[in-house]
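# Summary of structural features
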Amino acid sequence: MKVRGERECQGCGARWSYYETGSVECPDCGSLRSVGVDDRTAHTDAPASLDLSPHRARFGDASGTLPAEGVDDLKSDLREYVRKRGFVRGGELLPLDTVYLAARELLEAVDCYDRLRDPTDAGREYLLDLLAGADDGDRPATADVPERLREARGMAAARAVDEYRSDLLAFLDELDADGETDDAAVDATEVETAPEVEADSEIMSDEEAPAPTVTVAGDDPQSRIAPAREVLGRLRDRAKRVEALNGDVPAADADALVDAADALGEYVRVGDAAALERARSQLADRET
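Residues numbered from 1 in each chain as written. Predicted model: local features only at pLDDT ≥ 70, side-chain atom pairs only at ≥ 80, totals over all residues. Heavy atoms only, no water.

## So, the environment of tyrosine 100
What counts here: Under the DSSP-based scheme used, a helix requires at least four consecutive residues in state H or I and a strand at least two consecutive residues in state E, with every element numbered from the N terminus. Exposure is judged per residue with a 1.4 Å probe applied to protein chains only, and the accessible area is read against the type maximum: over 50% gives exposed, under 20% gives buried, and values in between give partly exposed. We call two residues in contact when some of their heavy atoms are within 4.5 Å.
Residue placement: tyrosine 100 occurs in helix H4 (residues 98-115). The exposure class of tyrosine 100 is buried, given its relative accessible area of 1%. As a C-alpha pair, tyrosine 100 and glycine 137 span 37 residues in sequence and 7.3 Å in three-dimensional space. Non-local contacts of tyrosine 100, meaning those with residues more than four positions away in its chain, are made with Tyr81, Val82, Arg85, Phe87, Ala160 and Glu163.

Pasting the structure below:
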């Protein structure tokens, strides 16, 4: 969606950032009557924090199978967090961050562990390591993912990449549209300066030209659109393949899928050709 990030209360005049609060309610007086005072930008991320400390003590005391009530509460908190998260904030594309990935993996791992008929110490340690570090974005190393629980990392990767790919595709659409708007503004300026139409110079002034809804660093951002869309198609196919296998792929393959998505995001943000090649390489290594 597109929102005006800076809000002004019509009651008391206070200003605040919608990107930080996710609300049109005035933080000073509570009024719901506010207006946006800046240009609209693409925005999919909502303010969200992940605090797993209430769950750590409960799970630390459990042995064997997990406590049913604790599992439901934990999964509810994790689902709420990932539901709120997005990857475009105030017109800027975000990385595929580690806290989101860890939350996704913990959500999958709880289900996988709970389905095991004979949980092992290695599986329990993996689950508790995830629980201990997820809210700081810490996940067990690739080599430490137990074979019987590798579906958790695989499904987390597939679902996280699918969400990121969706936001990245929408971001590219906006970037493409912004480029077309810029071209139209240049054409209108050329028309305005022609002597025979000088009297109609208000056809499109600088003030009337729509502001960009997304922003990136570097030159010629439109040149990144086609290469990025090509890699996005391969990302989609790979993520669907992993999901069709219920995540049952080597943990290294799951991590490579995430790394490819994140590298592609870096390419779109800053135009680094090396990042594009990393994304292609990560996918190619797993397609052979």
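## Side note on the pattern of salt bridges
Selection criterion: Think of a salt bridge as a Lys or Arg side-chain nitrogen and an Asp or Glu carboxyl oxygen that are within 4 Å of each other.
The tally for this structure, following the rule as stated, stands at 27 salt bridges. Across the salt bridge formed by lysine 84 and glutamate 80, the nearest N and O atoms sit 3.7 Å from each other. Here glutamate 80 and lysine 84 lie together in helix H3 (residues 68-84), a separation of 4 residues that amounts to about one turn. When its relative accessible area of 32% is taken as the criterion, lysine 84 is described as partly exposed. On the basis of relative accessible area, glutamate 80 is assigned to the partly exposed category, the value being 35%. Sharing partners across several salt bridges, the network here consists of Asp45, Arg85, Arg89 and Asp97.

## Comments concerning H4
The condition is simple: By definition here, a helix of n residues has an expected span of 1.5 Å times n minus one. In the analysis that follows, any N or O atom pair within 3.5 Å is treated as a polar contact, provided that within protein one partner can donate a hydrogen and the other can accept it, and provided that, for residues neighboring in sequence, both atoms belong to side chains.
Here H4 contains 18 residues, and its C-alpha end-to-end distance of 26 Å stays within 8% of the 26 Å for a straight helix at 1.5 Å per residue. Within H4, 14 of the 18 residues are buried, leaving the element largely enclosed by the surrounding structure. Here H4 starts with a cap whose side-chain oxygen sits 3.2 Å from the backbone nitrogen of valine 99, and that cap is aspartate 97.

## Some words on the packing of H4 against helix H5 (residues 121-133)
Spelled out, the test is: Comment: axis = line fitted to C-alpha atoms, over the contacting stretch for helices; angle = value between 0 and 180 degrees taken between N-to-C directions. Here the angle decides the label: under 35 degrees means roughly parallel, over 145 means roughly antiparallel, 65 to 115 means roughly perpendicular, and every other value means oblique. By definition, any crossing whose near helix is turned counterclockwise from its far helix by less than a right angle is left-handed, and any crossing with a clockwise turn is right-handed. Three residue categories are used. Nonpolar comprises Ala, Val, Leu, Ile, Met, Phe, Trp, Tyr, Cys and Pro, charged comprises Asp, Glu, Lys and Arg, and polar comprises the others, including Gly.
Across the interface, H4 lies against H5 with an axial gap of 10 Å and an inter-helix angle of 150°. As judged from the angle between their axes, H4 and H5 are roughly antiparallel. For H4 against H5, the interelement crossing comes out left-handed. Contacts between H4 and H5 involve Ala102, Glu105, Leu106, Ala109, Val110 and Tyr113 on the former and, on the latter, Gly123, Arg124, Tyr126, Leu127, Leu130 and Leu131. For the contact of H4 with H5, the class distribution of residues is 9 nonpolar, 1 polar and 2 charged.

## Thoughts on the packing of aromatic side chains
Threshold: Each aromatic pair joins two rings of Phe, Tyr and Trp (for Trp, the six-membered one) with centres within 6.5 Å, and gets the label stacked for planes under 30 degrees apart, edge-to-face for over 60, and tilted for any other angle.
Considering all chains together, one arrives at 2 aromatic pairs under this definition. Between the aromatic rings of phenylalanine 87 and tyrosine 164, the centroid separation amounts to 5.0 Å while the plane-to-plane angle is 75°, which identifies the pairing as edge-to-face. Here tyrosine 164 lies in helix H6 (residues 150-193) and phenylalanine 87 lies in the loop between H3 and strand S6 (88-89), a separation of 77 residues in the sequence. Residue phenylalanine 87 shares its accessibility class with tyrosine 164, and that shared class is buried. Taken together, the aromatic side chains of Phe87, Tyr100 and Tyr164 make up a single cluster linked through ring pairs.

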